Amino acid sequence: MNKTVEDLANRWLKRKPDGLTPLESRVLKSTLERTTVTRDTNKAIAFHQTYGDRIADTIARIGGSWTFILGFIAFLVLWTFGNAWLLTRDAFDPYPFIFLNLVLSMVAALQAPVIMMSQNRQTERDRIDAAHDYEVNLKAEIEIMALHEKLDELRHSEIIGMRDEILRMAEQIRRIDAKLSARSAS
């Protein structure tokens, strides 16, 4: 195998070293050093998350669950039933449930941006995962190409060895033939 990133870039990526991205250079360097490029991107992302990020993700996880939806439906049914039928004359929020509409609007006004923040972070995580997948795939392709080269070199050296053995055997056959010819002539 070649000893420099430049040689690998020319040989396997068919590019000049200055045309490589930092990621490609890192992969070629890891190939030369025989190190891995895999890493746990979730740990790296979790390490850089702020307290607010974790809260937003938790709210998005809860707000997008069936437990929350079914619980909220139960709350709405209880509110409606309690204010419309049980407390008919002393209802806390009589029909048309203006206070309930205010509460629902406030929940939606707060929940929507928090969920959007969480989705934006998820999109960034997906980009990081895609870049990492590309890095791992590129490393795998380079390693496969290196294995192909090694197999080709082995095959070539075997063919050279067989050729030399055939030449040696042919020479032995010539000597034997010469001896037999000399015996039969005498």
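Located above this text is the structure these notes cover.
Keep in mind that what you see is a predicted model, and the values were worked out from it rather than measured.

Draft legend 1. Molecular detail of the nonpolar core. Val5, Leu8, Ala9, Trp12, Leu13, Leu20, Leu23, Val27, Leu28, Leu138, Ile142 and Ala146 together form the largest nonpolar core, which totals twelve residues. It is helix 1 (residues 5-12) that provides the largest number of residues to this core, a total of four residues. With residues up to four places along the chain from it excluded, the contact list for leucine 20 reads Val5, Ala9, Leu13, Arg15, Ser25 and Leu28.

Draft legend 2. Main features of the packing of helix 2 (residues 22-33) against helix 6 (residues 98-185). With their axes 10 Å apart at the nearest point, helix 2 and helix 6 run at an angle of 40° to one another. It follows from the interaxial angle that helix 2 and helix 6 lie oblique. Helix 2 and helix 6 meet at a crossing whose hand is right-handed. For the pair helix 2 and helix 6, contact is made by Leu23, Glu24, Arg26, Val27, Leu28, Ser30 and Thr31 and by Ala131, Tyr134, Glu135, Leu138, Lys139, Ile142 and Glu143, respectively. For the contact of helix 2 with helix 6, the per-class residue count stands at seven nonpolar, two polar and five charged.

Draft legend 3. Region of interest: the packing of aromatic side chains. Considering all chains together, one arrives at eight aromatic pairs under this definition. With 5.9 Å between their ring centres and 25° between their planes, tryptophan 79 and phenylalanine 99 make a pair best called stacked. Of this pair, tryptophan 79 sits in helix 5 (residues 66-86) while phenylalanine 99 sits in helix 6, placing them 20 residues apart in sequence. Judged by its relative accessible area of 14%, tryptophan 79 falls in the buried class. One aromatic cluster in this structure is built from Phe68, Phe72, Phe75, Trp79, Phe92 and Phe99.

Draft legend 4. Seen up close, helix 4 (residues 51-63). Between its first and last C-alpha atoms helix 4 spans 18 Å; for 13 residues at 1.5 Å apiece the expected length is 18 Å, and the two agree. When we look at burial in helix 4, the residues that qualify are Asp53, Ala56, Asp57, Ala60 and Gly63. Down the axis of helix 4, the sector holding all buried residues measures 135°, keeping them to one side. Facing away from the buried side of helix 4 by over 90 degrees, the exposed positions are Tyr51 and Arg61. On the buried face of helix 4, the contacting elements are helix 5 and helix 6.

Each value, and the rule that gives it
Residues numbered from 1 in each chain as written. Predicted model: local features only at pLDDT ≥ 70, side-chain atom pairs only at ≥ 80, totals over all residues. Heavy atoms only, no water. Core = buried A, V, L, I, M, F, W, Y, C linked by side-chain atoms within 4.5 Å. Buried < 20%, exposed > 50% of the residue type's maximum accessible area, 1.4 Å probe, protein only. Helix = DSSP H or I, 4+ residues; strand = E, 2+ residues; numbered from the N terminus. Contact = heavy atoms within 4.5 Å. Axes fitted to C-alpha atoms, helices over the stretch in contact; angles between N-to-C directions. Parallel < 35°, antiparallel > 145°, perpendicular 65-115°, else oblique. Left-handed = near helix turned anticlockwise from the far one by under 90°. Nonpolar A, V, L, I, M, F, W, Y, C, P; charged D, E, K, R; others polar. Phe/Tyr/Trp six-rings, centres within 6.5 Å; stacked < 30°, edge-to-face > 60°. Expected span 1.5 Å × (residues − 1). Arc of directions from axis to C-beta.

That's the geometry; what it means functionally is another story.
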